Amino acid sequence: MKPNFFEDVYEVVKLIPPGRWTSYGAIAQYLGTRGSARMVGWAMNNAHALPEVPAHRVLNRHGQLTGKHHFGTSGQMQALLEIEGLQIQEDRVVDAQMYYWDPGRELI
DNA sequence: ACACTGACCACTG
DNA sequence: CCAGTGGCCAGTG
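None of these values were measured; they are calculated from a predicted model.

Criteria and cut-off values
Residues numbered from 1 in each chain as written. Chains lettered and ligands numbered in written order. Predicted model: local features only at pLDDT ≥ 70, side-chain atom pairs only at ≥ 80, totals over all residues. Heavy atoms only, no water. Core = buried A, V, L, I, M, F, W, Y, C linked by side-chain atoms within 4.5 Å. Buried < 20%, exposed > 50% of the residue type's maximum accessible area, 1.4 Å probe, protein only. Helix = DSSP H or I, 4+ residues; strand = E, 2+ residues; numbered from the N terminus. Contact = heavy atoms within 4.5 Å. Near = heavy atom within 4 Å. Polar contact = N/O pair within 3.5 Å; in protein donor to acceptor, adjacent residues only side chain to side chain. Arc of directions from axis to C-beta. Salt bridge = Lys/Arg side-chain N within 4 Å of Asp/Glu carboxyl O.

Caption draft 1: Summary view of the nonpolar core. One finds Val9, Val13, Trp21, Val40, Met44 and Val93 to be the most contacted residues of the largest nonpolar core, which totals 31 residues. It is helix H1 (residues 4–15) that provides the largest number of residues to this core, a total of six residues. In contact with Val40, other than residues within four places in its own chain, are Phe5, Val9, Tyr24, Ile27 and Ala28.

Caption draft 2: Fine view of the protein's contact with DNA strand B. Around DNA strand B sit 18 residues in total, of which Tyr24, Arg38, Met39, His48 and Arg61 are the nearest. Contact between DNA strand B and Met44: a base nitrogen at 3.0 Å from a main-chain N or O atom of the residue. For DNA strand B, a base nitrogen lies 3.4 Å from a polar atom in the backbone of Asn45. The set of elements that each furnish at least two residues to the surface near DNA strand B consists of helix H2 (24–30) and helix H3 (37–47). With six residues, the single largest contributor to the surface near DNA strand B is H3.

Caption draft 3: Main features of H3. Of all the positions in H3, only Val40, Ala43, Met44 and Ala47 are classed as buried. For H3, the arc enclosing every buried residue in end-on projection is 105°, short of the 170-degree limit, so these residues lie on one face. Where the residues of H3 are buried, they touch H1, H2 and strand S2 (58–59).

Caption draft 4: View of the side chain of Asn60. With respect to the helices and strands, Asn60 occurs in the loop between S2 and helix H4 (76–83). Non-local contacts of Asn60, meaning those with residues more than four positions away in its chain, are made with Trp21, Ser23, Tyr24 and Thr66.

Caption draft 5: Broad picture of the pattern of salt bridges. Inspection of every chain in the model, using the stated rule, returns three salt bridges. Between Lys14 and Glu11 there is a salt bridge; the shortest N-O distance is 3.6 Å. One end of the pair is Lys14 and the other is Glu11, both in helix H1 and three residues apart, which spans about a single turn. Residue Asp91 pairs with Lys68 through a salt bridge whose shortest N-O separation is 2.7 Å. Placement of the pair is Asp91 in the loop between H4 and helix H5 (96–99) and Lys68 in the loop between S2 and H4, with a sequence separation of 23 residues. Here Asp91 falls in the partly exposed class, since its relative accessible area comes to 25%.

Caption draft 6: Representation of unusual backbone geometry. In the Ramachandran plot, Asp91 falls in the positive-phi region, its phi being about 60° despite a non-glycine side chain. One non-glycine residue, Asp95, lies in positive phi territory at about 55°. Structurally, Asp95 is set in the loop between H4 and H5. On the accessibility criterion, Asp95 (43% relative accessible area) is partly exposed.

Written as structure tokens, this is what we have:
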């Protein structure tokens, strides 16, 4: 039995607008637990199999593409983000705070 | 049941 | 900026 946690994570990730990104911690915080940021990452591991979940829009708190290694080919994650208008430099989003999307703040 | 790991985060020094 | 520590929850051997 998988916890609703997963479903909730997927829902939030699906709601992330194109050209925006959010962090594992932000999602975890939105769901009520701060430490569960790890679980979010773990949930994404499952999520990456689902085409409906844009996992490439979920980065760590620095806007760094920590999970790029999990995308089949290297550069895939960056490419997807750049297509949506984000600028990536050194595996990091340029002007990250400018494109940051907080589920608890803008989704409310 | 125990130990270790993980796409993390915050605090401290 | 880097290293260490604690927290959080679930999976695996």
